[in-house]
Amino acid sequence: MPDTNPAPAHSVKTEPCNKRVRVEFNGEMIADTTGALYLYETGRTPVYYIPLDDVQAGFLERTEHSSHCPYKGDAIYWDVVVGERRASNAVWAYPEPIDAVPELASYAAFYWDRMDRWFEEDEEIFVHARDPHVRVDMLPSSRKVEVSVNGELLASTTRALFVFETNLPVRYYMPKDDVRADLSPSDLTTACPYKGIARYWHVTAGGERLENLVWSYDDPVREAEPIRDHLCFFNEKVDIAIDGKPQARPATKWS
C-alpha cells in the first residue's frame, strides 16, 4: 500500500535542549543559556537557537544585512564586537517567522565558525551542535582486521575498536603497535563534535604516497576516550579484510 502521508521534501522542526549552552568570543561569553532549542532542517546539521534574553546585547551591533528563507522567514543580522575584534553578520534571528516555526520569534542563532569556543555544560564542543539522535558506539573486537593498499600490508590486529556512528561507515581504530605502515605526520587537523580534534598522517606504500590516509585523536572528548592512542584508516581508500573476508570500500564524500 502506498504511503498516504509521505514525509515532506523539506522540513524544519525544533526540540528543547536541556543542556547549558555557552558561546565565547574574544574572551567574553556572548551567550549563556539553559533554554536553547535544537533546530533540525533537512540536509543540514543541527543548529542551536538561543533565547535573545540570554545573548549579551552589549556585544551586538545590528547590520543592514538580511536574508530570506522560505522555511523560516526573513532574517535580520548582527555583528559581534568585543574589543578590537568583530565577527561580521555572525548572529541572525527571525523576528517574524513563518507560521510553521513561530517559536523562533524570540531566539537567535550564531554562525559556529565565527565564534571562538562553544560549550555544552563545561565541556568544549566542536563543528556544530551535537545531535542527540546521533549515536556513536565504540566496541572492542577480537576479530582480525587487516589493512592493505597496493598489495602491502599496513596493519593487522585482533585488538581493534569498531566504531559505529550514525550514517557513517564502520571505522576500525587500531592500537598504534599493530600498525606497521610507513607514516609521516601531516599538518592537517579536523574536528568532530562527537570525538574531538583529529590529526593525520601520510602513508607511503607500494611506491605511492597516500596523503592524510590515517588519523587519530590524541586527546578525544570524554565519550570517545576509548580511541585515544589508536589509528584509523580511511576505508574508502584502503583494502580491509575482517577475519579474512574482504570488505567493500564504502562510497562517501571521502572516497
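Look up: the structure comes first, before these words.
Residues numbered from 1 in each chain as written. Predicted model: local features only at pLDDT ≥ 70, side-chain atom pairs only at ≥ 80, totals over all residues. Heavy atoms only, no water.

A. Local environment of the packing of aromatic side chains. Enumeration over the complete set of coordinates arrives at 14 aromatic pairs. Ring geometry for Tyr 48 and Trp 118: centres 6.2 Å apart, planes at 25 degrees, overall stacked. Note that Tyr 48 is positioned in strand β5 (residues 47-51) and Trp 118 in strand β10 (residues 117-120), a separation of 70 residues in sequence. Note on Tyr 48: relative accessible area 2%, which makes it buried. By relative accessible area, Trp 118 is classed as buried at 2%. Through a chain of ring-to-ring contacts, three or more aromatic side chains come together here, namely Tyr 38, Tyr 40, Tyr 48, Phe 110, Trp 112 and Trp 118. Over the ring of Phe 119 we find Arg 22; its NZ or CZ atom is 5.0 Å from the centre of that ring. The lysine or arginine in question, Arg 114, covers the ring of Tyr 111, its NZ or CZ lying 4.0 Å from the ring centre. (Phe/Tyr/Trp six-rings, centres within 6.5 Å; stacked < 30°, edge-to-face > 60°. Helix = DSSP H or I, 4+ residues; strand = E, 2+ residues; numbered from the N terminus. Buried < 20%, exposed > 50% of the residue type's maximum accessible area, 1.4 Å probe, protein only. Lys NZ or Arg CZ within 6 Å of the ring centre and 35° of its normal.)

B. Spotlight on the pattern of salt bridges. Throughout the structure, instances matching the rule amount to 25 salt bridges. Where Glu 120 meets Lys 19, a salt bridge forms, and the shortest distance between an N and an O atom there is 3.1 Å. You can see Glu 120 sitting in strand β10 and its partner Lys 19 sitting in the loop between β1 (12-16) and β2 (21-25), a full 101 residues away along the chain. Look at Glu 120 and you get buried, because its relative accessible area is 5%. The closest approach of N and O atoms between Glu 41 and Lys 72, which form a salt bridge, is 2.7 Å. Placement of Glu 41 in strand β4 (residues 37-41) and of Lys 72 in the loop between β6 (60-69) and β7 (73-82) is noted, with a sequence separation of 31 residues between them. Side by side, Glu 41 and Lys 72 carry an identical accessibility label, which is buried. A single network of salt bridges, built from pairs that share partners, joins Lys 19, Glu 120, Glu 123, Arg 130, Arg 222 and Glu 223. (Salt bridge = Lys/Arg side-chain N within 4 Å of Asp/Glu carboxyl O.)

C. The nonpolar core, seen in detail. Counting residues in each nonpolar core, the largest one holds 38 residues, and the members touching the most others are Val 145, Val 147, Leu 154, Leu 213 and Phe 233. Elements with a minimum of two residues in this core: β13 (145-149), β14 (152-157), β15 (161-165), β16 (171-175), β18 (196-205), β19 (208-216), β20 (230-233) and β21 (239-242). Tallying contributions element by element places β18 first for this core, with 5 residues. The residues touching Leu 154, leaving out its near neighbours within four places in the chain, are Val 147, Ser 148, Val 149, Val 179, Arg 180, Ala 181, Val 203, Ala 205, Leu 213 and Phe 233. In this structure, Cys 17, Ile 76, Trp 78 and Val 91 belong to the second largest nonpolar core, which totals 28 residues. (Core = buried A, V, L, I, M, F, W, Y, C linked by side-chain atoms within 4.5 Å. Contact = heavy atoms within 4.5 Å.)

D. The arrangement of the sheet that holds β18 in detail. Strand order across the open sheet formed by 7 strands is β12-β15-β16-β20-β19-β18-β17, with antiparallel pairing between neighbours. Of all the strands in the sheet, the pair left with one neighbour each is β12 (136-140) and β17 (182-192). With strand direction ignored, the average angle separating the axes of adjacent strands in the sheet is 30 degrees. Bridge count between β19 and β20: 2 bridges; the pairing is antiparallel. Across the sheet, the residue bridging to Val 214 is Phe 233, located in β20. (Pairing = 2+ DSSP bridges. Axes fitted to C-alpha atoms, helices over the stretch in contact; angles between N-to-C directions.)

E. Inspection of the layout of surface pockets at higher detail. Counted as a void, the largest pocket has a volume near 790 Å³. Lining the largest pocket are 27 residues, and of these Glu 165, Leu 168, Cys 192, Lys 253 and Trp 254 sit closest to its centre. Secondary structure elements with two or more residues in the lining of the largest pocket: β15, β16 and β17. Of the residues forming the lining of the largest pocket, the biggest block, 3 residues, is contributed by β17. Here the lining of the largest pocket is composed, by residue class, of 16 nonpolar, 5 polar and 6 charged. Around the second largest pocket, the lining is made up of 26 residues, and of these Arg 44, Val 47, Trp 92, Phe 110 and Tyr 111 lie nearest the centre. Of all elements in the fold, only β4, β5 and β6 reach the threshold of two or more residues within the lining of the second largest pocket. Partitioning the lining of the second largest pocket into residue classes produces 17 nonpolar, 5 polar and 4 charged. (1 Å grid on protein atoms, 1.4 Å probe; cavity = no way out; pocket = protein on both sides within 12 Å on 5 of 7 lines; lining within 4 Å. Points joined across faces, edges and corners; volume = space filled by probe spheres on them. Nonpolar A, V, L, I, M, F, W, Y, C, P; charged D, E, K, R; others polar.)

That's the geometry; what it means functionally is another story.
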